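# Descriptive analysis of the structure
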Amino acid sequence: MLIGFSLFVAIVFLLLFFWAVRSGQFDDQYTPSIRILFDEKNSEQKQTTNNKNRDE
């Protein structure tokens, strides 16, 4: 019984993996590596906005 359940879970995970590959979730390997560079720019803008709000 336990072996059958284990095979069922393994097949479900295998099907989910193939679905993820077909839907393109692993295609973009470049953008996540540079996304952190853009986060700093956004945080500077937020800090500038916060400083303006403090001055008012």
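This text goes with the structure placed above it.
Described below are features of the structure shown in this document. All residue numbers refer to position in the chain's written sequence, counted from 1. Only residues with pLDDT of 70 or above have their local features reported here, since the model is predicted, and side-chain atom pairs are shown and tallied only from 80 upward, although totals for entire chains, interfaces and linings are computed over all residues. No hydrogens and no water enter the side-chain calculation; it runs on all heavy atoms of the structure.

## Let's talk about helix 1 (residues 2-22)
- To qualify as a helix, a DSSP run of H or I must reach at least 4 residues; to qualify as a strand, a run of E must reach at least 2; elements of each kind are numbered from the N terminus. A helix is expected to reach a length of 1.5 Å times the quantity of its residues less one. Counted at 1.5 Å a residue, the expected span for helix 1 with its 21 residues is 30 Å, and the 30 Å between its end C-alpha atoms agrees.
- A positive backbone phi angle near 90° is found at G24, which sits one or two residues after helix 1.

## A short note on the packing of aromatic side chains
- Pairing of aromatic side chains requires ring centres within 6.5 Å, counting the rings of Phe and Tyr and the six-membered ring of Trp. Pairs whose planes differ by under 30 degrees are stacked, by over 60 edge-to-face, and all others tilted. Applying the stated criterion to the full structure yields 2 aromatic pairs.
- Seen in terms of ring centroids, F17 and F18 are 5.8 Å apart; in terms of plane orientation they differ by 55°. Their pairing is tilted.
- The class for F18 is partly exposed, based on a relative accessible area of 44%.
- Taken together, a centroid distance of 6.2 Å and an interplanar angle of 40° make the contact between F17 and F26 tilted.
- Throughout this description, buried means an accessible area under 20% of the type-specific maximum (1.4 Å probe, protein chains only), exposed means over 50%, and partly exposed covers the range between. In this structure F17 comes out as partly exposed when scored by relative accessible area, which is 45%.
- Joined through ring pairs, the aromatic side chains of F17, F18 and F26 make up one cluster.

As far as function goes, none of this settles anything; it's purely spatial.
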